[in-house]
Structure formats: C-alpha cells, structure tokens
Amino acid sequence: MSKSSSDWRVQTLNRIRRLIKEADPEIVEEIKWVKPTNPSGVPVWSHAGIVCTGESYKTAVKLTFAKGASLKDPSKLFNASLEAGTRRAIDIREGEEVNESAFKALIRTAVAFNTSVTKAKPKRAKPK
C-alpha cells in the first residue's frame, strides 16, 4: 500500500519523526521488516536498544514502545497494547494530535531506560 506524502498517516509519521529527533538528537532511525505486503518497511528508532517503532494502518499510526510497560507515562499517552507484558503503544487516529512535550518526555524516558539497562548488564567473562 503505497502512500503519497499528502496521506494523513505519512504526515503523522513525519511529525513523529521530527519530535523523536528533537527529543533525542542521537537516536538512530532504520527501516526494518521490508516485505511485499509492506514495501516501505517499518521505521525503528533506537538508542541503546529499540525505543519504538512506527507502523501505518488503515485507521491509525501505531507507535509501539519496545519496553513501554517499564516506562512511567504520567500523561497517559499509551492507549493501546495496555495488557501486553513488555510493550505499550500509542495509536494516533486521523485528526488526533499528540501532546508534543509529553511525547518528547516519553522518548527521553525510554532512552534513559535503555541506557540504564545497557549499563547495568554485567560483562561476560571471556572464555579461556
């Protein structure tokens, strides 16, 4: 399903992309999981591990936070996958806006979580 730049989902993902980079200029975006049914793939934002992914569906743009269940969400942005064991998601429907400052704070929280987990992992002893 090829989408033009005037499609609301493309515009929404572009706005989210900008907010993510503003929240963490060091974050890396990659396109993964390209397949015939999704030729444009899935944007994946990472910093010391996956922070979130962005997928376009017919009725929503879904931002799935890989470790969302471990993140504080005082602004209650998570509105999907609330019962999932590890992840949480934000579904943005046509015409909806995301609270930009709360979203940036959530991105920074996810990066801080990834960074703390990465630093906390003990180093494996090298085999002799």
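Above this text is the structure in question.
Note that this is a predicted model, so its numbers are computed, not measured. (Residues numbered from 1 in each chain as written. Predicted model: local features only at pLDDT ≥ 70, side-chain atom pairs only at ≥ 80, totals over all residues. Heavy atoms only, no water.)

Caption draft 1: Quick look at the overall build of the chain. If you tally the helices and strands in the chain, you get two helices and five strands. By sequence separation, contacts in the chain at least 24 residues apart represent 48% of the contacts at least 6 residues apart. As presented, the chain carries roughly 8100 Å² of accessible surface, and 53% of it is formed by carbon and sulfur atoms. (Helix = DSSP H or I, 4+ residues; strand = E, 2+ residues; numbered from the N terminus. Contact = heavy atoms within 4.5 Å. Areas by Shrake-Rupley, 256 points an atom, 1.4 Å probe, with all protein chains shown as cover.)

Caption draft 2: Just the sheet that holds strand β4 (residues 61–65), in detail. If you trace the five strands from one edge of the open sheet to the other, you get β1-β2-β3-β4-β5, paired in antiparallel fashion. Across the chains shown, the open sheet's two edge strands, defined by having one partner strand only, are β1 (28–32) and β5 (88–92). Strand-to-strand twist in this sheet, taken as the mean axis angle between neighbours without regard to direction, amounts to 20°. (Pairing = 2+ DSSP bridges. Axes fitted to C-alpha atoms, helices over the stretch in contact; angles between N-to-C directions.)

Caption draft 3: Summary view of the pairing of β4. Among the five residues that make up β4, five are buried, leaving the element largely enclosed by the rest of the structure. Residue alternation in β4 divides its side chains into two sets, Val61, Leu63 and Phe65 and Lys62 and Thr64, and both sets are buried. Taken together, the five bridges between strand β3 (residues 50–56) and β4 define a ladder with antiparallel strand orientation. Within β4, the position partnered with Thr53 by the bridge is Thr64. Where β3 folds back onto β4 in an antiparallel hairpin, the turn is made up of four residues. Of the strand pairs in this sheet, β4 and β5 are connected by five bridges, and their pairing is antiparallel. Note on β5: the bridge partner recorded for Leu63 is Ile90. (Buried < 20%, exposed > 50% of the residue type's maximum accessible area, 1.4 Å probe, protein only.)

Caption draft 4: Region of the structure containing the pattern of salt bridges. On inspection of all chains with the given rule, the structure shows nine salt bridges. As a salt-bridge pair, Arg15 and Glu97 come within 3.7 Å of each other at their nearest N and O atoms. You can see Arg15 sitting in helix α1 (residues 8–23) and its partner Glu97 sitting in the loop between β5 and α2 (100–120), a full 82 residues away along the chain. Judged by its relative accessible area of 60%, Glu97 is exposed. Here Arg18 ties to Glu100 by a salt bridge, and the two come within 3.6 Å at their closest N and O atoms. Separated by 82 residues along the polypeptide, Arg18 in helix α1 and Glu100 in helix α2 bring together distant segments of the chain. (Salt bridge = Lys/Arg side-chain N within 4 Å of Asp/Glu carboxyl O.)

Caption draft 5: Here's a closer look at the nonpolar core. By size, the foremost hydrophobic cluster in this structure holds 25 residues, and its most contacted members are Leu63, Phe65, Ile90, Phe103 and Ile107. Those residues in contact with Ile90, other than ones at most four positions away along the chain, are Val61, Lys62, Leu63, Phe65, Leu77, Phe78, Asn79, Phe103 and Leu106. (Core = buried A, V, L, I, M, F, W, Y, C linked by side-chain atoms within 4.5 Å.)

Bear in mind that shape data such as this cannot, by itself, settle questions of function.
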